[in-house]
2 protein chains.
Amino acid sequence: MKKILSVILFAALCLGASAQEITWHNAEDLTILGKALPTAKTYTRIDTTVYKFDNKTVDHYANFSTGVAVVFETDSHVIKARWTTSSAAYGANMNPILQKGLDLYIMKDGKWIFAGVGRPYTKKTPYNKHEGTIVSNMADGTKQCLLYLPLFDRVDELEIGIDEGASIKAIENPFHHNIIVHGSSVTHGASASRPGMSYAARFGRNTGLYCVNLGFSGQCKLQKEYARYLADLKDVDAFIFDTFSNPKAAEIYERYNEFVDIVRAAHPGVPMIFLQTERRESRNFNTAVEKSETEKQKAAEEMVKARMKTDKDIYFISSEDFLGKDHNATVDGSHPSDLGFTYMLQSITPKIQKILKKYGIK
Amino acid sequence: MKKILSVILFAALCLGASAQEITWHNAEDLTILGKALPTAKTYTRIDTTVYKFDNKTVDHYANFSTGVAVVFETDSHVIKARWTTSSAAYGANMNPILQKGLDLYIMKDGKWIFAGVGRPYTKKTPYNKHEGTIVSNMADGTKQCLLYLPLFDRVDELEIGIDEGASIKAIENPFHHNIIVHGSSVTHGASASRPGMSYAARFGRNTGLYCVNLGFSGQCKLQKEYARYLADLKDVDAFIFDTFSNPKAAEIYERYNEFVDIVRAAHPGVPMIFLQTERRESRNFNTAVEKSETEKQKAAEEMVKARMKTDKDIYFISSEDFLGKDHNATVDGSHPSDLGFTYMLQSITPKIQKILKKYGIK
């Protein structure tokens, strides 16, 4: 009899454990961060039905969820997610978590602390439907959550799974001010390890400043169409520009002033901080890259410094120490790993903060 | 007439540029590093026809080219590669370059400096045939090259492409001594950014010591079959063990002494350096992981320190600072990024060097 009771008790316990049901909530009802302007599609950073880009790749990247994050509050002990992306194959120089995965931070003692990732599906094509547990077995209590969406794909649908009976609700944007970060793949976030590890996202978490990621991998060449989009934005507190990695030296000379003219006309007195392009590790032995990168860096420094003579709100940050000194800070010679972005943030954070402080931004 | 001559000259120049033919050399004829014992298959780290592992995953991983590298000398201006791996899909927490790619370093001023990567094919399954340019446009002169093979796949064939007429030849192993590094996914190299960025490979390049990577992702649980393999090795100068990340606390208590008994009987007086398992970032909010990891760390410290009382050549390195203090150093809560491995090397390098120095190893 005792044995039978034990078996029943054990079965009930197992049932209880597995019977902790999950309820799924559409993330569209939560707070969506990371966009400079509203978009028709929830998880898209730029609405390409409103802003047309000549270049198909730019248009494609504009629809990515790069820099987009969801914030919410929950008392659940577990956070799961299921989401859909495009079916695109994975690229070589970024891991799948960065490309199509999710990256969760929870507020603890006034800081956003890493909590877990949503691993995307990688086993068989198509790679467009994903589901996973991001964190489980959490202690009781209400948690403020910041969930970054895929850095190199779009998101069509996203649901958050929590304990049955637990609450989940939108919270106010916990970041302040409005910093627009526009640039190359380096800004885009290639090749960080997780969607929340781009330098713009890390700078935002570290400082509390709201940062919008307008990085366009390989496609940031001081085009007028970007300048016109940036001119349309309202209440921008500062621009950070990484605009010298993709164009050739000749394009920098040709386009820089017009790009600044368009942005400046719409945003008088707003600080425009230009980052010099990094010293690529592909220069180590490739003499052609050494030559073209030297020319680009020269063009960038010349053009920004000339403009600074007549515009006191333009700044130039040189890049000698962006990738440290160990020659190990990129994935492929061009794209910083988390190590590279750490070196870069160590270099730029105090310099940018010093500039922003002059404008009362901190 | 002048115009016709110009056209002919231009055509000849174009032809000349594109006619720079590549010749392909089988890498089997070069020097292969990173194996503890010879193997029948060239790029396999352990010969599983000689050493049978009970566990199919261990057997599978033993055939990987993890830690295996090719060294050679060439006066070519370009280095290309074509290689074949398995058709396995890419995993979520490592980029394809790490999993199936190549990673080249060239000796410059007495240091191995990053030169370029061989990007694996990722567009469509099967992902088993790869070809790419690793570095081009190099200056004249002879270069010593160190090319790491895929960290998370096997290599069946590898050819190196150089300028037609250029030379390529095997060179002596540039590393000295014989350090065996055995451990978990952390030793294996998940989730560095490139095959040459595992901590064992970086420690080797930084110190000149020959390091063999016997990391087995998720499968390093103080099994006797590993101990027996390690006992068969000859002329080992030191062991570095990362053996506490995969087993449960109970397995550490149960297996540690027997594991050490087997290795020690074969290698009297050889330093055995045990690294404590890292403080995982998945502990940040998961109370179950917090509990099990605390138990594992306690078991590891107890068992090693007890053994140190009777074996003066056993060492324990605690792991408080393996992942820094920013909670940003892993890809997924468990696996260090290049940032995590940098923190780890900053911690362990001076400690290991101090130990090795006592044995005249430097």
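Note that the structure is predicted; figures quoted are calculated from it, not measured.

**A short note on the overall build of chain A**
- Secondary structure summary: chain A contains nine helices and 15 strands in total.
- Dimensions along the principal axes, computed over C-alpha positions, put chain A at roughly 90 × 45 × 40 Å.
- The buried share of chain A, taken over its 362 residues, is 52%.
- Pairs at least 24 apart in sequence give 78% of the contacts found in chain A among residues at least 6 apart.

**Quick word on the domain arrangement of chain A**
Residues and elements named next belong to chain A.
- Domain boundaries assigned for chain A yield domain 1 (21-58 + 68-170) and domain 2 (176-358).
- Tallying the contact residues gives 25 residues for domain 1 and 22 residues for domain 2.
- Sorting the residues of the side of domain 1 that touches domain 2 by element identifies helix H2 (56-62), helix H3 (96-100), strand E5 (102-108) and strand E6 (111-118) as the ones contributing at least two each.
- If one sorts the elements of the side of domain 1 that touches domain 2 by residue count, E5 sits on top with three residues.
- Taken together, the residues of the side of domain 1 that touches domain 2 sort by class into 16 nonpolar, six polar and three charged.

**Description of the interface of chain B and chain A**
- Listed as interface residues are 47 residues of chain B and, on the opposing side, 47 residues of chain A.
- Secondary-structure elements contributing two or more residues to the side of chain B that touches chain A are helix H3 (96-100), strand E6 (111-118), helix H8 (287-308) and helix H9 (338-358) of chain B.
- The element contributing the most residues to the side of chain B that touches chain A is E6(B), with five residues.
- Considered class by class, the residues forming the side of chain B that touches chain A number 20 nonpolar, 20 polar and seven charged.

**Here's the deal with the packing of helix H6 (residues 224-232) of chain B against helix H7 (residues 249-266) of chain B**
Residues and elements named next belong to chain B.
- Running from amino to carboxyl end, H6 crosses H7 at an angle of 10 degrees, the nearest separation of the two axes being 8 Å. Relative to H7, H6 is oriented roughly parallel. Listed contacts from H7 to Lys-224, Ala-227, Arg-228, Leu-230 and Ala-231 of H6 are Glu-258, Phe-259, Ile-262, Val-263, Ala-265 and Ala-266.
- Along the lines of polarity and charge, the residues of the contact of H6 with H7 split into eight nonpolar, no polar and three charged.

**Thoughts on the pairing of E6(B)**
- Of all eight residues making up E6(B), six are buried, and the element is well covered by its neighbours.
- Hairpin remark: strand E5 (residues 102-108) of chain B followed by E6(B), antiparallel, with two residues in the connecting loop; positive phi at Asp109(B), about 50 degrees.

**Considerations on the sheet that holds strand E9 (residues 155-163) of chain A**
All names here are of chain A.
- Read from one edge of the open sheet, four strands run E1-E9-E4-E7, paired in antiparallel fashion. Pairing within the sheet leaves two strands with one partner each, and these edge strands are strand E1 (22-26) and strand E7 (129-135). Pairwise comparison of adjacent strand axes, ignoring direction, gives a mean angle of 25 degrees for this sheet.

**A closer look at the relation of the copies chain B and chain A**
- Expressed as a screw operation, the relation of chain B to chain A combines 0.0 Å of axial shift with a rotation of 180 degrees, fitting to an RMSD of 0.0 Å. The symmetry that links the two subunits is that of a two-fold axis.
- A shared interface surface links the copies, since 100% of the contact residues of chain B are contact residues in chain A too.

**As for the environment of Ile252(A)**
All names here are of chain A.
- Its place among the elements puts Ile-252 in helix H7 (residues 249-266).
- The class of Ile-252 is buried, set by 26 C-beta atoms lying within 10 Å.
- In the structure, Ile-252 is positioned 32 residues away from Cys-220 in sequence and 11 Å away in space, judged by C-alpha atoms.
- In this structure Ile-252 touches Leu-222, Phe-244, Pro-247, Lys-296, Ala-299, Ala-300 and Met-303, once residues within four positions along its chain are discounted.

**Some points on the sheet that holds strand E11 (residues 176-183) of chain B**
All names here are of chain B.
- Sheet architecture is open: five strands sit in the order E12-E11-E13-E14-E15, paired in parallel fashion. Whereas interior strands pair on both sides, the edge strands pair on one side only; in this sheet they are strand E12 (209-215) and strand E15 (314-317). Each strand of the sheet is rotated relative to its neighbour by a mean of 20 degrees, with strand direction disregarded.
- Judged from the five bridges that link them, E11 and strand E13 (residues 238-242) form a sheet pairing that is parallel. Following the sheet pairing, Val-181 is matched in E13 by Ile-240.
- Strand contacts of H8: strand E14 (272-275) and E15, with the helix running at about 145 degrees to E15, the strand carrying the most contacts.

**Considerations on unusual backbone geometry**
All names here are of chain A.
- Along the chain, Ala-190 connects to Ser-191 via a cis peptide bond; the corresponding omega equals 10 degrees.
- Within the fold, Ser-191 resides in the loop between helix H4 (185-188) and helix H5 (199-207).
- Phi at Asn-137 is positive, roughly 55 degrees, even though this residue is not glycine.
- Along the polypeptide, Asn-137 turns up in the loop between E7 and strand E8 (143-148).
- Residue class for Asn-137 comes out partly exposed when judged on the 14 C-beta atoms lying within 10 Å of it.

**Description of the nonpolar core**
- Of all hydrophobic cores here, the largest spans 201 residues; its most connected members are Leu104(A), Ile273(A), Leu104(B) and Ile273(B).
- Sequence-distant contacts of Ile273(B), that is, excluding residues within four places in its chain, are made with Ala238(B), Phe239(B), Ile240(B), Phe241(B), Tyr315(B), Ile317(B), Ile352(B) and Ile355(B).

**Remarks on H5(A)**
- Of all nine residues in H5(A), seven are buried; the element is thus mostly enclosed.
- Within H5(A), the full set of buried residues consists of Tyr199(A), Ala200(A), Ala201(A), Arg202(A), Phe203(A), Gly204(A) and Arg205(A).

**Points about the confidence of the model for chain A**
Residue and element names in this part refer to chain A.
- A residue-level look at chain A finds 95% of positions with pLDDT of 70 or above and a mean pLDDT of 95.
- Considering only residues more than four positions removed or in separate chains, one finds that residues 11-19, a stretch of pLDDT under 50, has zero contacts.
- Overall fold confidence for the complex sits at a pTM of 0.95, while the interface term, ipTM, reaches 0.94.

**Some words on the pairing of strand E14 (residues 272-275) of chain A**
Residue and element names in this part refer to chain A.
- Burial of E14 is two-sided: the residues Met-272 and Phe-274 facing one way and the residues Ile-273 and Leu-275 facing the other way are all buried.
- Of the pairings in the sheet, the one linking strand E13 (residues 238-242) to E14 comprises three bridges and is parallel in character. Looking at the pairing, Phe-241 lines up with Phe-274 of E14.
- Considered for its hand, the β-α-β crossover made up of E13, H7 and E14 is right-handed.

**Considerations on the environment of Pro96(B)**
- Turning to its location among the elements, Pro96(B) is positioned in helix H3.
- Distance from Pro96(B) to Arg119(B), taken between C-alpha atoms, is 7.7 Å for residues 23 residues apart in sequence.
- Look past the residues within four positions of Pro96(B) in its chain and what remains in contact with it is Tyr90(A), Ala92(A), Tyr90(B), Gly101(B), Pro120(B) and Thr122(B).

Each value, and the rule that gives it
Residues numbered from 1 in each chain as written. Chains lettered and ligands numbered in written order. Predicted model: local features only at pLDDT ≥ 70, side-chain atom pairs only at ≥ 80, totals over all residues. Helix = DSSP H or I, 4+ residues; strand = E, 2+ residues; numbered from the N terminus. Buried ≥ 20, exposed ≤ 12 C-beta atoms within 10 Å, placed from the backbone. Contact = placed C-beta atoms within 7 Å. Domains from an automatic or database assignment. Nonpolar A, V, L, I, M, F, W, Y, C, P; charged D, E, K, R; others polar. Axes fitted to C-alpha atoms, helices over the stretch in contact; angles between N-to-C directions. Parallel < 35°, antiparallel > 145°, perpendicular 65-115°, else oblique. Pairing = 2+ DSSP bridges. Least-squares fit on C-alpha atoms with pLDDT ≥ 70 in both. Core = buried A, V, L, I, M, F, W, Y, C linked by C-beta atoms within 7 Å. pLDDT = per-residue confidence, 0-100. Right-handed = clockwise from strand over helix to strand, strands pointing away.

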